[in-house]
Amino acid sequence: MRSNRDLGRPDRFVLFRALLLLLCGLLSSAQASAPEGWVATDPLTIADDDFARNRDPDTWRDLSVERMVFTEGAATWRLWRIVNTAKPAGPLWVVTHDNENATFAAALAAVNSWGGVVMVVDTGPVDTRYGARFNAEVVGKPIDPNRNFLDTRPVYVARMLADLGDPARLIIALHTNAPDFDPNLSDCPTATPGRGAISVGLCNTRYQPRPATKRQWPFDDEDSLMLFPHLSGQPRASAPCGRLLALGDYNLVFERVGYSDGSLSNYAAQHGLAYVNIETEERGSSPTGIALARDRLIDMIDKVMLRCGPVPGIALRAPRR
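The present account deals with the structure reproduced in this document. Keep in mind the model is a prediction, meaning the values are calculated, not measured.

Scoring rules and cut-offs
- Residues numbered from 1 in each chain as written.
- Predicted model: local features only at pLDDT ≥ 70, side-chain atom pairs only at ≥ 80, totals over all residues.
- Heavy atoms only, no water.
- Helix = DSSP H or I, 4+ residues; strand = E, 2+ residues; numbered from the N terminus.
- Buried < 20%, exposed > 50% of the residue type's maximum accessible area, 1.4 Å probe, protein only.
- Contact = heavy atoms within 4.5 Å.
- Areas by Shrake-Rupley, 256 points an atom, 1.4 Å probe, with all protein chains shown as cover.
- Expected span 1.5 Å × (residues − 1).
- Disulfide = S-S within 2.5 Å.
- Pairing = 2+ DSSP bridges.
- Axes fitted to C-alpha atoms, helices over the stretch in contact; angles between N-to-C directions.
- Parallel < 35°, antiparallel > 145°, perpendicular 65-115°, else oblique.
- Left-handed = near helix turned anticlockwise from the far one by under 90°.
- Nonpolar A, V, L, I, M, F, W, Y, C, P; charged D, E, K, R; others polar.
- Polar contact = N/O pair within 3.5 Å; in protein donor to acceptor, adjacent residues only side chain to side chain.

1. A short note on the overall build of the protein
- Broken down by element type, the protein carries 7 helices and 10 strands.
- Buried positions account for 53% of the 321 residues belonging to the protein.
- In the protein, 71% of the contacts between residues at least 6 apart in sequence involve partners at least 24 apart.
- Of the roughly 13,700 Å² of accessible surface on the protein, 55% is carried by carbon and sulfur atoms.

Dropping the structure here:
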C-alpha cells in the first residue's frame, strides 16, 4: 500500500489534479450565475452576524450571494458563495472559520477590489463564540472545516472548490490566529511564548519562516504573515508565487507538506493548486477589533495580488466558458 507521502509523486500528482478539476467541473457552472444546487439570497436580509455587520448596499452592488446546504456522511454543511458579477475573473477566496470575523470583512473588500468568488463556511447565525469555528451539525465530534479537505470527503471538497475553473485560479485563504505561539511546537527560541500554532517566529520541520527585516506595518506583528505550502522533498521556492513574494520585505512562512492534515493548504500542495494563506492576529469581534485585523489582511491581500496576479500559470482566470 502506498503511503500518503506518495501523493507527491508526479504520476499521482497529475492524476489527482485532473480528477479534482473534472469533479469540480461536473458540480459547477462555468458562468457567473449560480450553479445547480445554489439558492440566490438577498445579503441585506440575511439573519447572520457576518452579513449584519455589512449591511451597506454599496458593498453588495456588484456581488451576488447564494446559499447551499448539503449532507456528506454524518455532517450537514452550509455554505455561502459570493461572486463579483462585474469581475468574475479573480481569485477563489476561502473563509473556512465562521468565528474569524475579520476574514469575512476582508474577503468582501478583496472580492470587490480584485474580483473572483468567495466561498464561506457557515456554522450558524451567531459567530462571536469560539465554537463557531467548528461544524456541529454532525453525528459525533464537531468538525473543523479546515481539516475536511480530504480525498475521502469528495463532495465537500468539490463544493468548496467548484469555482476553481480550468485552468485553476489562484486560491487565497484568509485566517486569523491566536497570538504568538506555543513554544513546545517550535525548534526556535521565542521571547514571547503564547498559545497559537502559526507565527513567523515558529520554526520546525513543518514550518520554515522568513521574517521581515524592517518589521513595518502590517508585519510589525509576528502573527501577520503569508503562508505557502510545498511538497516534502521539493524546495520551498517551488511554492507558487513564494519566490516573488520573497523579494518583498514580508513575513513569510513556508509549509512543508508530507501527509495531509486535512487543511486546504495541504490539499492544494498535494493536488498542484496555487495557494496562499494570509493570516493575522485575532483581535476579537468588536467593531474596532474586526477593523484592526481586517485592515492588516487587506494590506497583505493587496501585496499578494500586485505581485502574484499577473504571474503566468497562476494568473487570475475566469472559468472556461
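On we go from here.
2. What to know about the environment of leucine 245
- Structurally, leucine 245 is set in helix H5 (residues 242-245).
- Judged by relative accessible area, which is 0%, leucine 245 ranks as buried.
- When the C-alpha positions of leucine 245 and valine 304 are compared, they lie 7.1 Å apart, and in sequence the two are 59 residues distant.
- Once residues lying within four places of it in the same chain are set aside, the contact partners of leucine 245 are Met226, Phe228, Tyr250, Leu252, Lys303, Val304, Arg307 and Cys308.

3. Some details on helix H3 (residues 101-114)
- For H3, built from 14 residues, the straight-helix expectation of 20 Å at 1.5 Å per residue is met to within 8% by its first-to-last C-alpha distance of 20 Å.
- Within H3, 10 of the 14 residues are buried, leaving the element largely enclosed by the surrounding structure.
- Within H3, burial applies to Asn101, Ala102, Thr103, Phe104, Ala105, Ala106, Ala107, Leu108, Ala110 and Val111.

4. Observations concerning the state of the cysteines
- Applying the stated criterion to the full structure yields 1 disulfide.
- Across a sulfur-sulfur distance of 1.6 Å, cysteine 241 and cysteine 308 are joined as a disulfide pair. Taking the sign of the S-S torsion, about -90 degrees here, the bridge from cysteine 241 to cysteine 308 comes out left-handed. Pair noted here: cysteine 241 is in the loop between strand E8 (225-231) and H5 and cysteine 308 is in helix H7 (residues 287-308), with a separation of 67 residues, a long-range link. With respect to class, cysteine 241 is no different from cysteine 308; both count as buried.

5. What about the sheet that holds strand E10 (residues 275-281)?
- Strands sit in the order E1-E2-E3-E5-E4-E6-E10-E8-E9-E7 across an open sheet of 10 strands; the sheet is mixed. Two strands in the sheet have a free side with no partner beyond their single neighbour: strand E1 (39-40) and strand E7 (207-210).
- Bridge count for strand E3 (residues 75-84) against strand E5 (residues 117-121) is 5 bridges, and the pairing is antiparallel. Within E5, the position partnered with tryptophan 80 by the bridge is valine 120.
- Along the sheet face, H7 touches strand E4 (92-95), strand E6 (171-177), E8 and E10 and points at about 155 degrees away from the line of E10.

6. Regarding the packing of H3 against H7
- Between H3 and H7, the least distance of the axes is 8 Å, while the angle of their chain directions is 40 degrees. Between H3 and H7, the interaxial angle falls into the category oblique. Classified by chirality, the crossing of H7 by H3 is right-handed. Every residue of H7 that contacts H3 at Asn101, Ala102, Thr103, Ala105, Ala106, Ala109, Ala110 and Trp114 is listed here: Ile290, Ala293, Arg294, Leu297, Ile298, Ile301, Asp302, Met305 and Leu306.
- Looking at the contact of H3 with H7 residue by residue, the classes come out as 13 nonpolar, 2 polar and 2 charged.

7. Notes on the side chain of asparagine 204
- If you trace the backbone, asparagine 204 turns up in the loop between E6 and E7.
- Within the structure, asparagine 204 has its side chain in polar contact with the backbone nitrogen of arginine 206 (distance 2.9 Å).
- Of note is the side chain of asparagine 204, whose polar atom sits 2.8 Å from the backbone nitrogen of tyrosine 207.

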